[in-house]
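Now for the letters of each chain:
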Amino acid sequence: MTLQLTERISGLGRLPILARLPEHTLERIAQSCAWRQYAPGEQILGYQDTSTDVSFLLAGKARAIIYSLEGKAVVFSDLRPGTMFGEIAAIDRKARSASIEALEPCTIASLSADQFEALMLAEPSVALATLRHVAADVRRLSERVFEFSTLAVQNRIHAELLRLARLAAPDGQSVRLDPAPKHADIASQVSTYREQVTREFSALTRQGLLEKDGTAIVLIDVERLARMVEEVRLEA
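Just so it is clear, the model here is predicted, and its values are computed rather than measured.

Engineer: Could you give me a rundown of helix α9 (residues 222–235), with the residues and numbers involved?
Structural biologist: Taking 1.5 Å of rise per residue, 14 residues should cover 20 Å, and α9 covers 20 Å from first to last C-alpha, within 8% of that figure. Those residues of α9 that sit buried are Val222, Leu225, Ala226, Met228, Val229 and Arg233. Projected down its long axis, α9 carries its buried residues within an arc of 160°, all on one side. Of the exposed residues in α9, those oriented more than 90 degrees away from the buried face are Leu234 and Glu235. In this structure, the buried residues of α9 make contact with α5 (124–150), α6 (153–168), β9 (175–177) and β11 (216–219).

Set out below in structure tokens:
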């Protein structure tokens, strides 16, 4: 489905990275962007590709991922509407650091590296938002490295569930995740096997922290889960 210009402008205006720009600037960006649709399972960017466009996810869900030579998937993050990606290659003009795959039908708007650089130079709010976006990624990846280095598998699973809960409802004490995250996806996020995730979900259910609800799971006491994760981190 092709979006009309007004829909494109509206979509760009909802992006945190562009939220402070006036409508006439958003219109210029909308006209400069390349607009594409991707089907579930389709690759949006390839690991080690030499393309340097920066992209904005307007609709759908995508995943940042790398596959080992043996075919093992290493998942970095799931991308939701409003996310910018590809900015690292746009900034340093080097090969892509991960692949991006569509999990749902996705609408993507892209700018070339030169266009994005010019936008940052012309619009300080975009440059500042980009810095904050990159800083948040560095913090998130630093946290993941710490967890991989110090936490046992079951604790890494708890930390990943806590992250998903905070994304779904930052202040929620009981959080419903629908659809429930796949055990294989969590396993790839925390570098373990699906069977280990299944066993840990069963253990959390017995402890009264998790329950199934149709296609969803409910994290019954997010605060208690947060305390469990924090206690282990402090002991590490």
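Engineer: Would you mind going over helix α2 (residues 23–32) in detail, with residue names and values included?
Structural biologist: In an α-helix, one full turn covers 3.6 residues, which means residues spaced three or four apart are oriented alike. Along α2, the positions that sit buried rather than exposed are Thr25, Leu26, Ile29 and Ala30. Seen along its axis, α2 keeps its buried residues to an arc of 140°; they face one direction. For α2, the exposed residues lying more than 90 degrees away from the buried face are His24 and Gln31. The elements touched by buried residues of α2 are α1 (5–13), β1 (34–38), β8 (106–111) and α4 (113–122).

Rules behind the numbers
- Residues numbered from 1 in each chain as written.
- Predicted model: local features only at pLDDT ≥ 70, side-chain atom pairs only at ≥ 80, totals over all residues.
- Heavy atoms only, no water.
- Helix = DSSP H or I, 4+ residues; strand = E, 2+ residues; numbered from the N terminus.
- Expected span 1.5 Å × (residues − 1).
- Buried < 20%, exposed > 50% of the residue type's maximum accessible area, 1.4 Å probe, protein only.
- Arc of directions from axis to C-beta.
- Contact = heavy atoms within 4.5 Å.

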